[in-house]
Amino acid sequence: MTSSFARNQWYVAAYGSEISNELLARTICGEPIVFYRTSAGEVIGLSDNCVHRRFPLSEGRLVDDKIVCGYHGFTYDQRGTCVYVPGQQRIPRTARVPRYPVVEQDGFIWVWIGDPDRADAGAIPRTPWFEAEGWSTVRGMERLEARYGLLVDNLMDLSHETYLHSTSIGSPEVAEAPITTEVDDVNQVVYVSRRMDDAECPPFYARATGITGRITRWQDIEYHPPCLYQLHTRIAPQGVYPPDDGPDDQAFHVEIANPITPETETTTLDFWVVARDFAIDDPEISGSLTEITRSIILEDVAALTRLERHLAADPGGYQELSINIDTGGLAARRMLRRQIEEADLAQARS
Amino acid sequence: MTSSFARNQWYVAAYGSEISNELLARTICGEPIVFYRTSAGEVIGLSDNCVHRRFPLSEGRLVDDKIVCGYHGFTYDQRGTCVYVPGQQRIPRTARVPRYPVVEQDGFIWVWIGDPDRADAGAIPRTPWFEAEGWSTVRGMERLEARYGLLVDNLMDLSHETYLHSTSIGSPEVAEAPITTEVDDVNQVVYVSRRMDDAECPPFYARATGITGRITRWQDIEYHPPCLYQLHTRIAPQGVYPPDDGPDDQAFHVEIANPITPETETTTLDFWVVARDFAIDDPEISGSLTEITRSIILEDVAALTRLERHLAADPGGYQELSINIDTGGLAARRMLRRQIEEADLAQARS
Amino acid sequence: MTSSFARNQWYVAAYGSEISNELLARTICGEPIVFYRTSAGEVIGLSDNCVHRRFPLSEGRLVDDKIVCGYHGFTYDQRGTCVYVPGQQRIPRTARVPRYPVVEQDGFIWVWIGDPDRADAGAIPRTPWFEAEGWSTVRGMERLEARYGLLVDNLMDLSHETYLHSTSIGSPEVAEAPITTEVDDVNQVVYVSRRMDDAECPPFYARATGITGRITRWQDIEYHPPCLYQLHTRIAPQGVYPPDDGPDDQAFHVEIANPITPETETTTLDFWVVARDFAIDDPEISGSLTEITRSIILEDVAALTRLERHLAADPGGYQELSINIDTGGLAARRMLRRQIEEADLAQARS
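What you see is a predicted model; the values in this text were computed from it and never measured.

Conventions adopted
Residues numbered from 1 in each chain as written. Chains lettered and ligands numbered in written order. Predicted model: local features only at pLDDT ≥ 70, side-chain atom pairs only at ≥ 80, totals over all residues. Helix = DSSP H or I, 4+ residues; strand = E, 2+ residues; numbered from the N terminus. Rg over C-alpha atoms; globule rule 2.2 N^0.38 Å. Buried ≥ 20, exposed ≤ 12 C-beta atoms within 10 Å, placed from the backbone. Least-squares fit on C-alpha atoms with pLDDT ≥ 70 in both. Core = buried A, V, L, I, M, F, W, Y, C linked by C-beta atoms within 7 Å. Contact = placed C-beta atoms within 7 Å. Expected span 1.5 Å × (residues − 1). Pairing = 2+ DSSP bridges. Axes fitted to C-alpha atoms, helices over the stretch in contact; angles between N-to-C directions. Domains from an automatic or database assignment. Nonpolar A, V, L, I, M, F, W, Y, C, P; charged D, E, K, R; others polar. Left-handed = near helix turned anticlockwise from the far one by under 90°. Parallel < 35°, antiparallel > 145°, perpendicular 65-115°, else oblique. pLDDT = per-residue confidence, 0-100.

Another point: the overall build of chain A. Looking only at helices and strands, chain A has six helices and 17 strands in total. Relative to its length of 350 residues, chain A is compact, with a C-alpha radius of gyration of 22 Å against a globular reference of 20 Å. Taken along the three principal axes of its C-alpha coordinates, chain A extends 75 × 50 × 35 Å. Relative to its full complement of 350 residues, chain A shows a buried share of 44%.

Attention shifts here to the relation of the copies chain C and chain A. After a rotation of 120° and a shift along the axis of 0.0 Å, chain C superposes on chain A with an RMSD of 0.0 Å. Taken together, the rotation and translation relating the two chain copies correspond to the operation of a three-fold axis. The C-alpha atom lying nearest the rotation axis in chain C is that of C:Ala312; the distance is 12 Å.

Moving on: the nonpolar core. Of all hydrophobic cores here, the largest spans 262 residues; its most connected members are A:Ile109, A:Val111, B:Ile109, B:Val111, C:Ile109 and C:Val111. If near-sequence neighbours (up to four positions away) are discounted, C:Val111 is found in contact with C:Tyr11, C:Ala13, C:Ile28, C:Ile33, C:Gly45, C:Tyr100 and C:Val102.

Next up on the list: helix H5 (residues 283–313) of chain C. The first and last C-alpha atoms of H5(C) sit 45 Å apart over 31 residues, in line with the 45 Å expected at 1.5 Å per residue. Tucked into the core, H5(C) has its buried residues touching strand S11 (136–144), helix H1 (148–156), helix H2 (161–164) and strand S17 (267–276) of chain C.

Neighbouring strands of a sheet are bound in pairs by backbone hydrogen bonds; such pairs are parallel or else antiparallel. All names here are of chain C. Spatially, S2-S3-S4 is the arrangement adopted by the three strands of the open sheet, whose pairing is antiparallel. Sheet topology places strand S2 (24–28) and strand S4 (43–47) at the edges, where each strand pairs with a single neighbour. Direction aside, the axes of adjacent strands within the sheet are offset by 30° on average. Direction of pairing for S2 relative to strand S3 (residues 31–37): antiparallel, over a ladder of five bridges. Within S3, the position partnered with Leu24 by the bridge is Phe35.

Once that is clear, we can look at the domain arrangement of chain A. Residues and elements named next belong to chain A. The assigned domain composition of chain A is domain 1 (9–123) and domain 2 (129–344). Summarising the inter-unit geometry, the C-alpha centres of domain 1 and domain 2 are found 32 Å apart. Taken residue by residue, the interface counts 14 residues in domain 1 and 13 residues in domain 2. For the side of domain 1 that touches domain 2, the secondary structure elements donating two or more residues are strand S1 (9–15) and strand S2 (24–28). Element by element, the count of residues in the side of domain 1 that touches domain 2 is highest for S1, at six residues. The class makeup of the residues in the side of domain 1 that touches domain 2 is eight nonpolar, five polar and one charged.

On to the pairing of strand S13 (residues 189–199) of chain B, then. Residues and elements named next belong to chain B. Pairing analysis gives six bridges linking strand S12 (residues 179–184) to S13, with the strands arranged antiparallel. Across the sheet, Val183 pairs through a bridge with Val190, a residue of S13. As consecutive antiparallel partners, S12 and S13 are separated by four residues, and within that stretch Gln188 has a phi angle of approximately 60°, a positive value. Relative to strand S14 (residues 215–224), S13 runs antiparallel, the two being bridged by eight bridges. Residue Arg195 lies in a different strand from S14, and its bridge partner there is Trp218.

At the junction of the two partners, chain B supplies 19 residues and chain A supplies 20 residues. Grouping the constituent residues of the side of chain B that touches chain A by class yields eight nonpolar, eight polar and three charged.

For the rest of this paragraph, the subject is the interface of chain C and chain A. On the side of chain A, 19 residues touch chain C, which itself brings 21 residues to the contact. Those elements giving two or more residues to the side of chain C that touches chain A turn out to be H2, helix H3 (172–176) and H5 of chain C. Residues that form the side of chain C that touches chain A fall into these classes: ten nonpolar, five polar and six charged.

This part is about unusual backbone geometry. Residue B:Pro226 follows B:Pro225 across a cis peptide bond; omega there is 5°. Summarising the element assignment, B:Pro226 is placed in the loop between S14 and strand S15 (228–237). Its identity is not glycine, yet B:Gln188 carries a phi of approximately 60°, on the positive side. Take B:Gln188: it is sitting in the loop between S12 and S13. Residue B:Gln188 is classed as partly exposed on the basis of its 18 C-beta neighbours within 10 Å. Despite not being glycine, C:Asp65 has its phi angle at roughly 65°, a positive value.

Residue and element names in this part refer to chain A. Pairing is antiparallel in the open sheet, where three strands are placed in the order S2-S3-S4. Of all strands in the sheet, those bounded by a partner on one side alone are S2 and strand S4 (43–47). Going across the sheet, the axis of each strand differs from the next one's by a mean of 30°, ignoring polarity. Both strand S3 (residues 31–37) and S4 contribute to a ladder of five bridges, which runs antiparallel. Bridge pairing in S4 places Ile33 opposite Ser47.

Another aspect to go through is helix H6 (residues 327–349) of chain A. Residue and element names in this part refer to chain A. Between the first and last C-alpha of H6 there are 33 Å, a value that for 23 residues agrees with the 33 Å anticipated at 1.5 Å per step. Residues of H6 that are buried include every one of Gly328, Gly329, Ala331, Ala332, Met335, Leu336, Ile340 and Ala343, and no others. Among the structural elements, helix H1 (148–156), strand S12 (179–184), strand S13 (189–199) and strand S14 (215–224) are those in contact with the buried residues of H6.

What follows covers the packing of H1(C) against helix H6 (residues 327–349) of chain C. Residue and element names in this part refer to chain C. Close contact between H1 and H6 brings their axes to 8 Å; oriented N to C, the two are set at 145°. The handedness of the crossing between H1 and H6 is right-handed. Touching Val152, Asp153 and Met156 of H1 are Gly328, Gly329 and Ala332, all from H6.

A few words now on the packing of H1(A) against helix H5 (residues 283–313) of chain A. Helix packing for two helices is described by the angle between their axes and how far apart those axes are. Residue and element names in this part refer to chain A. Remark: H1 packs on H5, axes separated minimally by 10 Å, with the N-to-C direction vectors making an angle of 130°. Classified by the angle between their axes, H1 and H5 sit oblique to one another. Where H1 crosses over H5, the two elements pack in a sense that is right-handed. Taken together, the residues of H5 that come into contact with H1 (itself represented by Leu150, Leu151 and Asn154) are Asp300, Leu304, Leu307 and Glu308.

What follows deals with the environment of B:Leu164. With respect to the secondary-structure elements, B:Leu164 resides in helix H2 (residues 161–164). Distance in space between the C-alpha atoms of B:Leu164 and B:Asp65 is 46 Å, their sequence separation being 99 residues. Look past the residues within four positions of B:Leu164 in its chain and what remains in contact with it is B:Glu299, B:Asp300, B:Ala303, C:Gly70 and C:Tyr71.

Of all residues in chain A, 96% attain a pLDDT of 70 or more, and the chain-wide mean is 92. Here the predicted complex carries an ipTM of 0.92, next to a pTM of 0.93.

Structural data, given as structure tokens:
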């Protein structure tokens, strides 16, 4: 049996701002993990299973940077080593819970799912905008009742904006614009780019940027399977840029990240972060950008939840017909499939 | 493995009045179907699965009698042929969704489940009363959380009226009246008849017909498996008709149809139509007949839902003891089983 | 496949006070049973399945100490023999539902699950306090959404009081007190005892007994697998009793029983009875004892429900690490496992 999830990979488990001295339970790729921040500021991730009777440690309490299990008081330090058991002095040598490699970077908490010895923090893709000078960021997360592959499909093919998000960001140009797809198998990245040379300016952009006429609009997808989906978007007044592109110092930039984190076989954590380099001190713009983004995410959540139920009701009949717009999505699936197979193979060998 | 549903058969999917220029999703025998009415008035039934990523077409929009998928805009005409895909001119040759044979007749929308080449509209049993002069009709539908066989059992044995519907139409005579059962294997019909020569007149009938004394009461079941259950009922003042029957021109008639449509393995669409040939212009009588019938249907729904949960909790232990009253129900089961086997065989051969 | 439940055993199905001339449905070890009390006061337990179409008899009515099925009127006497069927005089010889051996004793309704010929009422463990002179009793029952083994674990290891019930009955002494465990394989009993020589007096005890200082506190578990868990507790002012124990006529006694009755594979009936031999005529004390006990039971219910969901989400990974405090719980599990195996063997032979 092949797995559904790519192990030996980094996943976004949370935003850094979510982790405090309160225990936080998250399930990542089917593995229950408890997170907390020590008094020294370090983020700890431990297997959320007491060694004694598997009571979730996240139901316990944090005392002096140690987790006290809420059932019988087994107590674990930051390395997952049990330092107290009730009713006896001797602590069994095997009393320890697995600790997960965790990295806090660019506002995200990344957790390594797989063999800890293979974890390389340097392999985590960067998203510098979300904590950089000159940028303003809004963010959120929705729990999606659908397998994570449906969200990958959704994000890799933006032509759905024209139909699913017709009342917000969709315009006929998106579905009609030709795309270019590039697959980098060495660095494990899929790129899908669209340039619309003469497009309508969505009302939100007009208000936030002051552009009054039509625009040139770029959408550059950069997907690092399994988890990090990025969308680099730019707009500029129509005519400023020649068709063959060039430096974009006169464009307005919106940098979007959608970390796609499998929770279980049929549920997904749908993180979203949106940074902009214009009107960065305008709270009204931040508010409406949050509202617009969240409503778009909820349209996707509703559609994918419906699709998940539809597919689950008739699992045998899953047939598809792919066309040009799916080139990027199909490349992403192939890369994910290979990551899963490699991890399965590594596990079989170990 | 044998199927649960008889394929190569007609099923009632809806009332004609339910189908408009809004998309209607119905699942019949486990197959999701989207229905709509063209501007020319024709009723269309297409497989409710976009060929692209299987998004339900019923979540899309109807534009110029064509369905536009709500996810990426794939567009289908009335024959199910895809006439538009996003981002490219060429439409793949295989881009079409199956179209279901559909017949609108006597107020029902019938759909053929199975091999379209075998669909014969002439084989659909008629129920002329529901749209005829001199008759007044009320109707409704309840979704039942139980396998459809339980509803077949329920309707084929009216002795349950005495116990389950004791406060409405049940009277001791129903359970005690002898039944005659006739099985027509050529035309695939099961008949079960009851005649009560000296019965109480239920209050509703007394009020609507003006009968003041006791009555002769006939209940003639005519079941065309799998879908169409009919109950021809008559009442007349006691003594008007001799025990050996004869022309019934002095009786009051109520014609009932209960199309039994399997939705999934464990859910059923329970349609009900009641026509009468008396007090046909009295809206008060129509109102109370609707109310009485609906409350009886809901008693059945509650009992069968409870029974379904009871059987599902212990699937191994399904044993039964049948008696005389079950003769019709057992004949119906045999006929259904044969229909299922024949369809399975036909599919295996094709 | 081995079973989950020990058959050929007595289980508490209800309190005597719950059984009247209304039909009561209870599922015990996966078997649906309908209970009622005859006009002569006898408690009857019959299989809750009509022989005809398996409609639950508990949905019917009791007429003259006989159950009339609510679907088609099949009628059963106290022995489970069918005495009426609709539409015919002859009653099939095989029309009978199994009757369960039932014993009413010490306030409990015990039912025998297994081969009726092996039922020995003398084997039911006694709990005389709950209906005896000089004792006052409160009781209740919670339905627990967890496999019954989790409740056995919970009750056999009271060190959890210190953590899970820290705000009510828990105190550090409970988790730290050494335990002695005794296993009686002949009589099928597991004993676990704790004596705290110098413990805090919980506020409730102080108020109800008038003790003002520290106390000696005994907790003596006596578990008769599968169903009857008892906890004999005593407190006395610290210093009255020597460390080597002796007659306890100066102690205050609280006798607790927690019958643990498996309902289905993943649900359990959690009965609780608490009797005391002090302040027995004080309704205020009875009220607060009910409130305290119920809130403790609900803490256990919440924790075990959470644990059940946690274990069910990852059934493969159920590993445990046991320590000294688990000696009694492990002995209970072994005894239960043997009871299950013996019943499976007996069934295989029959």
